[in-house]
Amino acid sequence: TMENLAYGAVRIESAKFGKRGVCMTAVNFFLAFIICVGIGIAGPDVFVTRSGISTLKVNRKGIETSSWNGNLLHLHAENQILWLTCKFTRPDSIDLDLGFEYQQDVILNVVGSDEDVRQAGPLDNFEDLLTNKNATRTVKFKEGAKESDPITIFYTHSVKYENYRARVEFISPGHLLDEAGHANSVDHELVARFDLTFVNGEYTSFEMSWKYTFLAITFIAMFCPRFNRGGLLSRSKTFTSCSLVFEGFFTKLCGTSRKIWSYQQKWIALLLVLLFFFNDPLIYFEVYNTTTGGEVLGGVYIGFLATFLTTLMLFWLCALDETRAQGTTTTTNGRRKKGCAKYARHGSKIAFLSSFWLYLVITYSYIRMNEKGDPSYEAVQEGDRYLAASVLGVLFMLVYIIWFLFYTFKALANIFQLPPPFLFVFVLTFFTFAATVVAIFIAAMYPLPGAAVDFLGMYSLYNLYIWAMAFVYAPLRSGGDNNDGSFGDFSVSVNGEENDGFKDDDLDDMQL
């Protein structure tokens with residue numbers, strides 16, 4: 001986005017930036033992103049699953065109660081969650097092409113302890129997590145599937161104990177045969193597979209290391225001081241150049257008057273702060289504080305994630321709208337509207353993305369509160385409410401995508417007139433937008449993604465994008481590079497006419 005000359009000059013407008021600056025920034029951005037994606041692909045598995053097979057006796061009338069007893073051993077805080085599920089194997093007497101479902105009643109008992117739960121007799125130090133908890137699960141067999149869809153038995157967001165003992169009683173598992181039309185079949189056995197899933201401790205270390213790396217670099221990008229203020233090193237052109245390049249965004253911004261901070265610089269300042277919290281500075285305490293406090297911090301992080309994501313999405317819409325409206329929103333004397341009038345049209349965007357933020361936070365909080373109160377809670381058992389929440393989330397994203405593409409289409413005429421440095425900023429923005437849409441629809445933005453590449457790919461992308469924006473829109477110092485209106489190696493064309501510079505009456509902020 002191009003800056004009005006009423007604002008302070010920024011790095012991307014510097015004569016020294018030019019083609020070389022665009023190429024170097026682009027190469028560094030995409031090379032760093034590709035490296036991070038490669039590291040993510042080679043990274044550790046996010047989840048580890050232990051499986052056990054149990055055989056449930058089913059008599060001819062299908063009224064017998066069968067049970068499963070399991071010991072979950074040698075767990076640690078780094079494993080973060082426990083998730084016990086069960087699948088039934090389709091009996092041979094039921095045709096493979098038959099799809100059906102039935103309701104299975106269960107009674108759950110789960111005990112956690114740091115003692116060896118395999119020992120006979122009562123435990124001295126333990127916690128009853130579930131005691132004779134009655135629950136109903138929908139067992140569904142799809143056409144052609146040998147196994148049923150998994151049903152959740154037990155779920156917890158923190159690993160407080162090293163060992164767990166679980167007992168699951170299935171009430172009349174023979175009802176499966178009733179639903180399949182085999183109530184009069186002979187006695188046989190029903191096979192159930194239990195899967196215990198937890199976070200890989202190696203992945204937890206991997207995630208923490210990268211998040212703190214991103215935190216450190218973000219802090220440097222924000223506040224790195226300028227080191228060439230006198231002394232022997234200040235005589236070195238190389239040292240002076242490096243100092244200017246790596247000087248923090250806020251360090252530079254605070255060296256200029258607030259009156260000349262541009263529209264983009266204010267947005268980037270906000271996004272840098274939110275990026276810092278998006279990188280999860282409290283992750284150590286979320287993992288190792290296994291009390292209620294750790295779960296509260298996990299909820300706080302969800303707020304950070306939702307706030308960063310929705311604010312970034314709002315920035316894109318507002319910037320594109322400013323570009324689209326450039327030269328069309330005028331007052332009677334032909335000048336662009338200023339002040340509150342300039343931002344009034346963004347009210348609908350703020351309201352929409354505030355609603356999306358509320359949707360994300362409320363949905364997550366509702367699920368977490370239910371799981372906290374009932375470790376056997378399963379979101380899909382909400383039925384119509386679960387479906388409605390899923391549809392609402394899809395609708396939010398579809399509306400946003402249409403809105404974004406509409407503004408992009410309407411702004412293309414102005415975008416194509418921008419100098420190459422600003423076109424590069426638009427390309428980065430569109431690339432990040434597209435990756436965000438894909439990540440949301442494939443669930444790569446979950447707090448615990450399905451693969452390390454999902455985590456590192458998206459976190460590196462957002463960090464690199466905001467760092468790049470902070471770099472190109474960092475203010476130039478009055479004693480350093482100055483904007484000469486030439487944009488380095490590029491001439492500037494606005495509405496088909498080339499200009500060597502602009503007056504305030506000619507052009508307000510050009511946004512991307």
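Preceding this paragraph is the structure being described.
Residues numbered from 1 in each chain as written. Predicted model: local features only at pLDDT ≥ 70, side-chain atom pairs only at ≥ 80, totals over all residues. Heavy atoms only, no water.

K.L.:
Could you give me a rundown of the overall build of the protein, with the residues and numbers involved?
P.N.:
Helices and strands together make up the secondary structure of the protein, namely 13 helices and 10 strands. With 512 residues in all, the protein has 48% of them scored as buried. Long-range pairs, those at least 24 residues apart, make up 83% of the contacts in the protein with a sequence separation of at least 6. Here the protein displays about 24200 Å² of accessible surface, and carbon together with sulfur accounts for 60% of that area. (Helix = DSSP H or I, 4+ residues; strand = E, 2+ residues; numbered from the N terminus. Buried < 20%, exposed > 50% of the residue type's maximum accessible area, 1.4 Å probe, protein only. Contact = heavy atoms within 4.5 Å. Areas by Shrake-Rupley, 256 points an atom, 1.4 Å probe, with all protein chains shown as cover.)

K.L.:
How would you summarise the sheet that holds strand S5 (residues 127-141) if you had to cite specific residues and measurements?
P.N.:
An order of S2-S7-S4-S5 is seen for the 4 strands of this open sheet, with the pairing classed as antiparallel. If you trace the sheet from one side to the other, it starts and ends with strand S2 (66-72) and S5, each paired once. Taking each pair of neighbouring strands and ignoring which way they run, the sheet shows an average axis angle of 20°. As paired elements, strand S4 (residues 100-113) and S5 share 12 bridges and run antiparallel to each other. (Pairing = 2+ DSSP bridges. Axes fitted to C-alpha atoms, helices over the stretch in contact; angles between N-to-C directions.)

K.L.:
Residue-level account of helix H1 (residues 18-41), with values.
P.N.:
Given a rise of 1.5 Å per residue, 24 residues ought to cover 34 Å, and the 35 Å separating the end C-alpha atoms of H1 matches this to within 8%. What H1 keeps buried is the set Gly-18, Gly-21, Val-22, Thr-25, Ala-26, Phe-29, Phe-33, Cys-36 and Gly-40. Those residues of H1 that are buried are in contact with helix H3 (201-223), helix H12 (420-441) and helix H13 (452-472). (Expected span 1.5 Å × (residues − 1).)

K.L.:
Can you tell me about a nonpolar patch on the surface, naming the residues and giving the values?
P.N.:
A contiguous nonpolar surface patch, about 710 Å² in accessible area, is contributed by Leu-387, Val-391, Val-394, Leu-395, Leu-398, Val-438, Phe-441 and Ile-442. Put simply, the parts of the chain that give the nonpolar patch at least two residues each are helix H11 (384-415) and H12. Considering each element in turn, the nonpolar patch owes the most residues, 5 residues, to H11. (Patch = residues over 30% accessible without salt bridge, like charges linked within 9 Å, V, L, I, M, F, W, Y side chains within 5 Å. Salt bridge = Lys/Arg side-chain N within 4 Å of Asp/Glu carboxyl O.)

K.L.:
Quick rundown of the nonpolar core? Include the residues and the values.
P.N.:
Of all hydrophobic cores here, the largest spans 84 residues; its most connected members are Phe-278, Leu-312, Phe-315, Tyr-400, Tyr-465 and Tyr-473. The leading source of residues in this core is H13, at 15 residues. Core analysis: the second largest hydrophobic core is formed by 32 residues, Leu-72, Leu-82, Phe-88 and Phe-170 among them. (Core = buried A, V, L, I, M, F, W, Y, C linked by side-chain atoms within 4.5 Å.)

K.L.:
If you had to explain the pairing of strand S3 (residues 82-88) to someone new, which residues and values would you point to?
P.N.:
Taking burial as the measure, the 7 residues of S3 include 6 buried ones, the bulk of the element. Bridge analysis of S3 against strand S6 (residues 151-156) gives 5 bridges, and the strand direction is antiparallel. Its bridge partner being in S6, Leu-84 is matched across the sheet by Phe-154.

K.L.:
Mind laying out unusual backbone geometry, listing which residues take part and the relevant values?
P.N.:
Positive phi outside glycine occurs at His-74, with the angle close to 60°. Among the secondary structure elements, His-74 is positioned in the loop between S2 and S3. With relative accessibility at 52%, the residue His-74 sits in the exposed group. For Asp-280, which is not glycine, the phi torsion reads 65° and is therefore positive. Within the secondary structure layout, Asp-280 lies in the loop between helix H6 (263-278) and helix H7 (283-288).

K.L.:
Summarise H6; cite the residues concerned and give the values.
P.N.:
Between the first and last C-alpha of H6 there are 22 Å, a value that for 16 residues agrees with the 22 Å anticipated at 1.5 Å per step. For H6, the set of buried residues is Tyr-263, Gln-264, Gln-265, Trp-267, Ile-268, Ala-269, Leu-271, Leu-272, Leu-274, Leu-275 and Phe-278. Immediately beyond the C-terminal end of H6, within one or two residues, lies Asp-280, with a positive phi of roughly 65°.

K.L.:
Go over the packing of H3 against H13, please, and point to the residues and values.
P.N.:
Following both chains from N to C, one finds H3 and H13 inclined at 0°, their axes separated by 11 Å at the closest point. Classed by the angle they form, the pair H3 and H13 counts as roughly parallel. Contact residues: H3 offers Tyr-203, Phe-206, Glu-207, Trp-210, Lys-211, Phe-214, Ile-217, Thr-218 and Ala-221, while H13 offers Ala-452, Phe-455, Leu-456, Tyr-459, Ser-460, Asn-463 and Trp-467. A class-by-class count of the residues in the contact of H3 with H13 yields 11 nonpolar, 3 polar and 2 charged. (Parallel < 35°, antiparallel > 145°, perpendicular 65-115°, else oblique. Nonpolar A, V, L, I, M, F, W, Y, C, P; charged D, E, K, R; others polar.)

K.L.:
I'd like a rundown of the packing of H6 against H13, residues and numbers included.
P.N.:
Contact geometry of H6 with H13 gives a least axis separation of 10 Å together with a crossing angle of 150°. In terms of orientation, H6 lies roughly antiparallel with respect to H13. Relative to H13, H6 is oriented so that their crossing is left-handed. Of the residues in H13, those touching H6 at Ile-268, Leu-271, Leu-272, Leu-275 and Phe-278 are Tyr-459, Tyr-462, Asn-463, Ile-466, Trp-467, Met-469 and Ala-470. Of the residues that constitute the contact of H6 with H13, the class distribution is 11 nonpolar, 1 polar and no charged. (Left-handed = near helix turned anticlockwise from the far one by under 90°.)

K.L.:
Break down the environment of Ser-172 for me, with residues and values.
P.N.:
Along the chain, Ser-172 turns up in the loop between strand S7 (163-171) and helix H2 (175-179). Residues Ser-172 and Thr-65, spaced 107 residues apart in sequence, show a C-alpha to C-alpha distance of 5.2 Å.

K.L.:
Go over the side chain of Asn-109, please, and point to the residues and values.
P.N.:
Within the secondary structure, Asn-109 sits in strand S4. For Asn-109, the contacting residues outside a window of four places in its chain are Leu-130, Thr-131, Asn-132, Arg-165, Ala-166, Arg-167 and Glu-169.

K.L.:
Summarise the pairing of S7; cite the residues concerned and give the values.
P.N.:
Pairing geometry for S2 and S7, over 7 bridges, is antiparallel. Looking across to S7, one finds that Asn-71 is bridged to Arg-165. As defined by bridge partners, S4 adjoins S7 across 9 bridges and the pair is classed as antiparallel. In the strand pairing of S7, Asp-105 is matched with Ile-171.

These results come straight from atomic positions and should not be treated as a statement about function.
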